[in-house]
Amino acid sequence: MKTLTITRPDDWHLHVRNGAILKTVLPHTARQFARAIIMPNLKPPVTTVTQALAYREEILQAIPAGIDFTPLMTLYLTGSTTVAEIKKAAGSDPVYAFKLYPAGATTNSDSGVADIKAIFPLLAEMEKHNIPLLIHGEVTDVHCDIFDRERVFVDTSLTDIVDNFPGLRVVVEHVTTTEAVQFVQAASNQVAATITPQHLLFNRNALLAGGIRPHYYCLPILKREPHRLALVAAATSGNPKFFLGTDSAPHTTLLKETSCGCAGCYSAHAALELYAEAFEHADALDKLEGFASFYGADFYHLPRNTGTVTLEKSTWKIPASYGENETLITPLKAGEEVGWKIQSIHEAN
Ligand code: DOR
Ligand code: ZN
């Protein structure tokens, strides 16, 4: 049997929510990833260190017994975030970054930042304390075509941020376009990007294949094939600026399969296997370990993990759903086959 053993990976962009859904989804991530950057877009958002510490406790309670998993917390930037909170976050071990959502860009982003220039004093403080800024890179202008929102953000706000704060570590989250990839490649080593499994595996046709497919709808939205190919090339290039971030974003099946469905693909159930499939298609399985297990840790100035995960080349069928009743979730590729399977995990060497 063909197998692939890599150092235990981390997920540098993850939504786990809270309450009952958290308990359904967290075991999927904790099983395969040693650490994950936890997104703060709860209702209400996690805007203070105090809230982040309480949320971290709730996550720790949801980790299955005997599994070693560390949540890395982030704070949600708003127009009212204070310089004092940034200082406090910089001095708080469990908090690793701030997340910038342009107001209205995506799920639970209403409290996000309406005027990016107005938060420049906050970015200066983050630069001073060497705490990373994670960016949802899309403009929110409703007149801007949804497929152009990332490209326009790169040309305007992102360029502005990176030019004004050359010392600030920035992660352009879930890049989806050739333009964002090129921006990150050309920027300094302070700038990196995460890439999701769905943007490596699918183009925008998946949204409308024989009918409307809500479980492929996420933001930034899937793009045309040339963009997908640019993402695959970046992820498999061995360039340490590009690393794994699933953006696994659970919403109940009820909230996805409706007249105005929520944005977000749930991928934590098979995240590493889906990435393995994408890397295999690109004939680049030898590049998976750097992308999944090394480059993100290096960027966040954290030690690389010491355990391993072994994947085997074997086909299994993804269940139609996970959870039940009010936590029923339809996963990415529900009912379809995936060609890799986690065979064993060793938490430390
Ligand atoms: O599709 C998305 N879902 N994109 C995001 O940026 C947020 C996420 C969510 O929280 O559901
Ligand atoms: Zn996200």
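Let us look at the structure shown here. Only a predicted model underlies this, so the values are computations on that prediction, with no experimental measurement involved.

### Things to note about the site of ligand 1
If you check the shell around ligand 1, you find 14 residues, and the closest are Arg17, Asn41, Thr106, Leu219 and His251. Between ligand 1 and histidine 15, the relevant distance is 3.3 Å, taken from an oxygen atom to a side-chain nitrogen or oxygen of the residue. Contact between ligand 1 and arginine 17: an oxygen atom at 2.7 Å from a side-chain N or O atom of the residue. Protein contacts shield 100% of the accessible area of ligand 1, which totals 290 Å² for the unbound molecule. Counted by class, the shell around ligand 1 contains four nonpolar, eight polar and two charged residues.

### Points about the packing of helix α3 (residues 83-90) against helix α4 (residues 120-129)
Between α3 and α4, the least distance of the axes is 9 Å, while the angle of their chain directions is 20°. With respect to each other, α3 and α4 are oriented roughly parallel. For the pair α3 and α4, the crossing hand works out as right-handed. Touching Val83, Ile86, Lys87 and Ala90 of α3 are Leu122, Glu125, Met126 and His129, all from α4. Grouping the amino acids of the contact of α3 with α4 by side-chain chemistry returns five nonpolar, one polar and two charged.

### As for the coordination of the zinc ion (ligand 2)
The coordination sphere of the zinc ion (ligand 2), as far as protein atoms go, consists of His13 (NE2), His15 (NE2) and Asp247 (OD), spread over 2.0 to 2.1 Å. For the zinc ion (ligand 2), the donor residues sit on a single chain with the sequence spacing H-x1-H-x231-D. Both residues of the pair, histidine 13 and histidine 15, belong to the buried class.

### Some words on the state of the cysteines
Inspection of every chain in the model, using the stated rule, returns zero disulfides. The cysteine cysteine 144 is free of any disulfide, with cysteine 218 supplying the nearest cysteine sulfur at 17 Å. Residue classification places cysteine 144 among the buried positions, given a relative accessible area of 12%. Cysteine 265 provides the cysteine sulfur closest to cysteine 218, a residue in no disulfide bond, and the two sulfurs are 4.1 Å apart. On the accessibility criterion, cysteine 218 (2% relative accessible area) is buried.

### Concerning α3
Among all positions of α3, only Glu85, Ile86 and Ala89 are buried. Down the axis of α3, the buried set is contained in an arc of 100°. They therefore lie on one face. At its buried positions, α3 is contacted by α2 (49-62), β4 (70-76), β5 (95-100) and α4.

### Structural notes on the packing of aromatic side chains
Under the defined criterion, the tally for this structure stands at nine aromatic pairs. With a centroid separation of 5.8 Å and an interplanar angle of 40°, the aromatic rings of phenylalanine 243 and phenylalanine 299 are classed as tilted. One end of the pair, phenylalanine 243, is in strand β9 (residues 242-244); the other, phenylalanine 299, is in helix α11 (residues 288-299), and 56 residues separate them in sequence. In this structure phenylalanine 243 comes out as buried when scored by relative accessible area, which is 0%. The residue whose ring lies beneath arginine 169 is phenylalanine 299, and the NZ or CZ to ring-centre distance is 5.9 Å. Taking NZ or CZ as reference, lysine 341 lies 5.2 Å from the ring centre of tryptophan 316, over its face.

### A short note on the sheet that holds β5
The strand order across the open sheet built from eight strands is β2-β3-β4-β5-β6-β7-β8-β9, with neighbouring strands paired in parallel fashion. The outermost strands of the open sheet, each flanked by one partner alone, are β2 (11-14) and β9. Direction aside, the axes of adjacent strands within the sheet are offset by 30° on average. Strand direction decides the pairing type here: strand β6 (residues 133-135) and strand β7 (residues 170-172), joined by three bridges, are parallel.

### A few points about the pattern of salt bridges
Scanning the model with the defined rule gives eleven salt bridges in all. Between lysine 117 and aspartate 160 there is a salt bridge, with its nearest N and O atoms 2.5 Å apart. With lysine 117 in the loop between β5 and α4 and aspartate 160 in helix α5 (residues 149-164), this pair connects stretches of sequence that are 43 residues apart. Exposure remark for lysine 117: the relative accessible area of 52% places this residue in the exposed category. Residue aspartate 160 is classed as partly exposed on the basis of its relative accessible area, which comes to 25%. Between lysine 128 and glutamate 125 there is a salt bridge, and its shortest N-O distance comes to 3.8 Å. You can see lysine 128 and its partner glutamate 125 sitting in helix α4, three residues apart, about one turn around the helix. Look at lysine 128 and you get exposed, because its relative accessible area is 60%.

Procedures and definitions
- Residues numbered from 1 in each chain as written.
- Chains lettered and ligands numbered in written order.
- Predicted model: local features only at pLDDT ≥ 70, side-chain atom pairs only at ≥ 80, totals over all residues.
- Heavy atoms only, no water.
- Near = heavy atom within 4 Å.
- Polar contact = N/O pair within 3.5 Å; in protein donor to acceptor, adjacent residues only side chain to side chain.
- Areas by Shrake-Rupley, 256 points an atom, 1.4 Å probe, with all protein chains shown as cover.
- Nonpolar A, V, L, I, M, F, W, Y, C, P; charged D, E, K, R; others polar.
- Axes fitted to C-alpha atoms, helices over the stretch in contact; angles between N-to-C directions.
- Helix = DSSP H or I, 4+ residues; strand = E, 2+ residues; numbered from the N terminus.
- Parallel < 35°, antiparallel > 145°, perpendicular 65-115°, else oblique.
- Left-handed = near helix turned anticlockwise from the far one by under 90°.
- Contact = heavy atoms within 4.5 Å.
- Donors = N, O, S within 2.8 Å, 3.2 Å for Na, K, Ca; no water.
- Buried < 20%, exposed > 50% of the residue type's maximum accessible area, 1.4 Å probe, protein only.
- Disulfide = S-S within 2.5 Å.
- Arc of directions from axis to C-beta.
- Phe/Tyr/Trp six-rings, centres within 6.5 Å; stacked < 30°, edge-to-face > 60°.
- Lys NZ or Arg CZ within 6 Å of the ring centre and 35° of its normal.
- Pairing = 2+ DSSP bridges.
- Salt bridge = Lys/Arg side-chain N within 4 Å of Asp/Glu carboxyl O.

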